[in-house]
Amino acid sequence: MNVVPVNEAVSTETADDSRIDGNLTQLEYLALNSDFNLSDGHARQELTPGQGKMVGELPRLWAEAVVRPVEEIERESHRAFFHLLGQHSYPGADGRVLACYSSSVAMEIFARALVTEADAIALVHPTFDNIPDILRGVGLRLVPLEEDVLHGGDVPAELLGSVGAIFVTTPNNPTGRVLSRERLVRLAEQCAEHGVVLALDTCFRGFDEAGQYDHYEVLEASGCRWVVIEDTGKLWPTLELKIGWLVRSANVGLPLAKVYSDILLGVSPLVMLMVKRLSEDAADGGLRDLHEFIATNRALVRANLHDVPGLTFVDPDSRVSVERIHLGDRSAMDVWAALREHNVYLLPCGRFHWADPSEGDRMLRIALSRSPASVDVATRALRSVLMGD
Ligand code: EGV
């Protein structure tokens, strides 16, 4: 079968496009117009009543954003969000929090700043493929850091000696694995010893309380050079209105503010006020409701698929808004293509394994930030494809 570059597949809709050779985001584009898009990790479920109330107040938020000093709004916004997620020691008072349009933009800024002093970076494996692509895009050489090694104990000294930074997504996408406080303490210590920058991507931490201990307390106590990328983008169904925050240690020594200034002046104060209001709503019970919502959708996926021979749930303890399944001896791309015939879109996992895609080619990722009805229809369709009905 031919391998079709994804852009051609999008534009030509060829009959024989079941083998798509694109990155994960390009596969996600193909799903954007489907009612059964369980592909990307963005939040697409209905607004809760509390969130809907915020939307009803948008004209008032707009008027507030017009008249108030942006610095004040920005501080209130990150204060509400960081405290919501337990990050009480974050350095909000001294200009070390840069608001970006998205976490990917924050990563791009970090990468461009890092490459001014380093030529290599260690990156957790697997993880979402736009991270290795962004890091490689500025010319960095990547060294894989296997999840089991990262969580198992000290990071090998040879690895730390060979890179300028180490990049860890926690909770990880798609596995949901969370770096424990104990492991972060030790990792930060090791980074301090080796003069290596520790970069954390915490975009999914809102879903898992295990990722909500005060990371900044640990990082600041370690004395290591660090950056953290926080994200509001995965939590709330806000039509891509979101903020990626790039936070840094006082001693980071990278030209982050300069590169930031090359790329943007600032994020909309309207979006900042939305984030503040959504954080307050989340603190007032919304976050607990969101955890319940994701857990219910995860249980629905598992119930609909539990009796499919050879199928296993790979991340039994995951709390993040995606769920991986292993298909036994079936190819994820074959199943993806068969589901596409039903207008149902999941995400094949090969590309998460950026250093060895074959490790992921029998797994699919199911997005859970969707209406329960579409999760139900999509996983029933998956079941019937796998059962050969
Ligand atoms: C996920 C896609 C890019 C990314 C989707 C994602 N965006 N490439 N900037 O946001 O898990 O589906 O993270």
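All values reported here derive from a predicted model rather than from experimental measurement. (Residues numbered from 1 in each chain as written. Predicted model: local features only at pLDDT ≥ 70, side-chain atom pairs only at ≥ 80, totals over all residues. Heavy atoms only, no water.)

## Section: the overall build of the chain
(1) Moving on: In terms of regular secondary structure, the chain is built from 15 helices and 15 strands.
(2) Moving on: Radius of gyration (C-alpha) of the chain: 21 Å, near the 21 Å computed for a compact globule of 389 residues.
(3) Moving on: Projected onto the principal axes, the alpha-carbon positions of the chain cover approximately 60 × 55 × 40 Å.
(4) Moving on: Here the chain, with 389 residues, has 56% of them falling under the buried criterion. (Helix = DSSP H or I, 4+ residues; strand = E, 2+ residues; numbered from the N terminus. Rg over C-alpha atoms; globule rule 2.2 N^0.38 Å. Buried < 20%, exposed > 50% of the residue type's maximum accessible area, 1.4 Å probe, protein only.)

## Describing the pairing of strand 4 (residues 97-100)
Within a regular strand, side chains alternate between the sheet's two faces.
(1) Moving on: Burial of the side chains of strand 4 extends over both faces: Val97 and Ala99 are buried on one face and Leu98 and Cys100 on the other.
(2) Moving on: Here four bridges tie strand 4 to strand 10 (residues 244-248), and the two strands are oriented antiparallel to one another. Looking across to strand 10, one finds that valine 97 is bridged to valine 247. (Pairing = 2+ DSSP bridges.)

## Focus on the site of the ligand
(1) Moving on: Taken together, Thr25, Glu28, Asp40, Gly41, His42, Ser104, Phe128, Asn130, Asn173, Lys234 and Arg365 make up the full set of residues near the ligand.
(2) Moving on: Here threonine 25 contributes a side-chain N or O atom positioned 2.8 Å from a nitrogen atom of the ligand.
(3) Moving on: Here a nitrogen atom of the ligand and a side-chain polar atom of asparagine 130 are 3.4 Å apart.
(4) Moving on: Using a 2 Å cut-off from the grid points, one finds that the ligand occupies the largest pocket.
(5) Moving on: Here the residues of the shell around the ligand sort into one nonpolar, six polar and four charged.
(6) Moving on: A domain split of the shell around the ligand shows at least three residues from each of domain 1 (4-48 + 284-387) and domain 2 (58-280). (Near = heavy atom within 4 Å. Polar contact = N/O pair within 3.5 Å; in protein donor to acceptor, adjacent residues only side chain to side chain. 1 Å grid on protein atoms, 1.4 Å probe; cavity = no way out; pocket = protein on both sides within 12 Å on 5 of 7 lines; lining within 4 Å. Sits in = over half its atoms within 2 Å of the grid points. Nonpolar A, V, L, I, M, F, W, Y, C, P; charged D, E, K, R; others polar. Domains from an automatic or database assignment.)

## Remarks on the confidence of the model for the chain
(1) Moving on: Of all residues in the chain, 95% attain a pLDDT of 70 or more, and the chain-wide mean is 95.
(2) Moving on: Confidence drops under a pLDDT of 50 for residues 9-16, and excluding neighbours within four residues, the segment shows nine contacts in the predicted structure. (pLDDT = per-residue confidence, 0-100. Contact = heavy atoms within 4.5 Å.)

## Concerning the packing of helix 6 (residues 103-114) against helix 12 (residues 256-263)
(1) Moving on: In contact at an axis separation of 9 Å, helix 6 and helix 12 are set at 125 degrees when each is read in the N-to-C sense. Considered as vectors, helix 6 and helix 12 are oriented oblique to each other. The interaxial crossing formed by helix 6 with helix 12 has right-handed handedness. Here Val105, Ile109, Phe110, Arg112 and Ala113 of helix 6 lie close against helix 12, whose contacting residues are Leu256, Val259, Tyr260, Asp262 and Ile263.
(2) Moving on: Its residues assigned to classes, the contact of helix 6 with helix 12 comprises eight nonpolar, no polar and two charged. (Axes fitted to C-alpha atoms, helices over the stretch in contact; angles between N-to-C directions. Parallel < 35°, antiparallel > 145°, perpendicular 65-115°, else oblique. Left-handed = near helix turned anticlockwise from the far one by under 90°.)

## Notes on the sheet that holds strand 11 (residues 312-313)
(1) Moving on: Sheet architecture is open: four strands sit in the order 11-12-15-14, paired in antiparallel fashion. Edge positions in the sheet fall to strand 11 and strand 14 (347-348), since each of these pairs with one other strand and no more.
(2) Moving on: Here helix 13 (residues 269-305) sits on the sheet in contact with strand 11, strand 12 (322-326) and strand 15 (363-367), set at roughly 20 degrees to strand 12.

## Some words on the nonpolar core
(1) Moving on: Grouped together as the largest cluster of nonpolar side chains are 111 residues, with contacts concentrated most on Phe110, Ile166, Leu198, Leu246 and Leu382.
(2) Moving on: A per-element tally of this core places helix 13 first, with 13 residues.
(3) Moving on: Counting the residues that make up this core, at least three belong to each of domain 1 (4-48 + 284-387) and domain 2 (58-280).
(4) Moving on: Counting residues in each nonpolar core, the second largest holds 13 residues, with Leu30, Tyr345, Leu347 and Met363 among its members. (Core = buried A, V, L, I, M, F, W, Y, C linked by side-chain atoms within 4.5 Å.)

## Here's the deal with the packing of aromatic side chains
(1) Moving on: Enumeration according to the criterion identifies eleven aromatic pairs in this entry.
(2) Moving on: Taking the centre distance of 4.2 Å and the plane angle of 25 degrees together, the rings of phenylalanine 82 and tyrosine 90 count as stacked.
(3) Moving on: Under the relative-accessibility criterion, tyrosine 90 is labelled buried at 10%.
(4) Moving on: Look at tyrosine 216 and tryptophan 226: their rings are 5.5 Å apart centre to centre, the planes differ by 65 degrees, and that puts the pair in the edge-to-face class. Here the residue tyrosine 216 occupies a position in helix 11 (residues 215-222), and tryptophan 226 occupies one in strand 9 (residues 226-231), the gap between them amounting to ten residues.
(5) Moving on: Look at tryptophan 226 and you get buried, because its relative accessible area is 0%. (Phe/Tyr/Trp six-rings, centres within 6.5 Å; stacked < 30°, edge-to-face > 60°.)

## Comments concerning the layout of surface pockets
(1) Moving on: Considering only enclosed or pocket space, the largest pocket measures out at about 550 Å³ in volume.
(2) Moving on: Around the largest pocket, the lining is made up of 28 residues, and of these Thr25, His42, Ser104, Phe128 and Asn130 lie nearest the centre.
(3) Moving on: Looking at the lining of the largest pocket, the elements with two or more residues in it are helix 2 (24-31), helix 6 and helix 7 (130-137).
(4) Moving on: Examining the composition of the lining of the largest pocket, we find that four residues originate from one element, helix 2, more than from any other.
(5) Moving on: Residues belonging to the lining of the largest pocket are distributed by class as follows: seven nonpolar, eleven polar and ten charged.
(6) Moving on: Three or more residues apiece are contributed to the lining of the largest pocket by two domains, here domain 1 (4-48 + 284-387) and domain 2 (58-280). (Points joined across faces, edges and corners; volume = space filled by probe spheres on them.)

## A look at the domain arrangement of the chain
(1) Moving on: By the assigned domains, the chain splits into domain 1 (4-48 + 284-387) and domain 2 (58-280).
(2) Moving on: Centre-to-centre separation of domain 1 and domain 2, based on C-alpha positions: 26 Å.
(3) Moving on: Taken together, the contacts link 33 residues of domain 1 with 35 residues of domain 2.
(4) Moving on: Summing both partners gives a buried area of about 2,700 Å² for domain 1 against domain 2, and 61% of it is carried by carbon and sulfur.
(5) Moving on: When the buried surface of domain 1 facing domain 2 is broken down by residue, Val320, Phe352 and Trp354 rank first, second and third, together holding 27% of it.
(6) Moving on: If you look at where domain 1 meets domain 2, you find one salt bridge.
(7) Moving on: Here glutamate 240 and arginine 44 are joined by a salt bridge, their closest N and O atoms 3.6 Å apart.
(8) Moving on: When residues of the side of domain 1 that touches domain 2 are traced back to their parent elements, those giving at least two are helix 2, helix 13 and strand 12. (Buried area = accessible area lost by both parts, 1.4 Å probe. Salt bridge = Lys/Arg side-chain N within 4 Å of Asp/Glu carboxyl O.)

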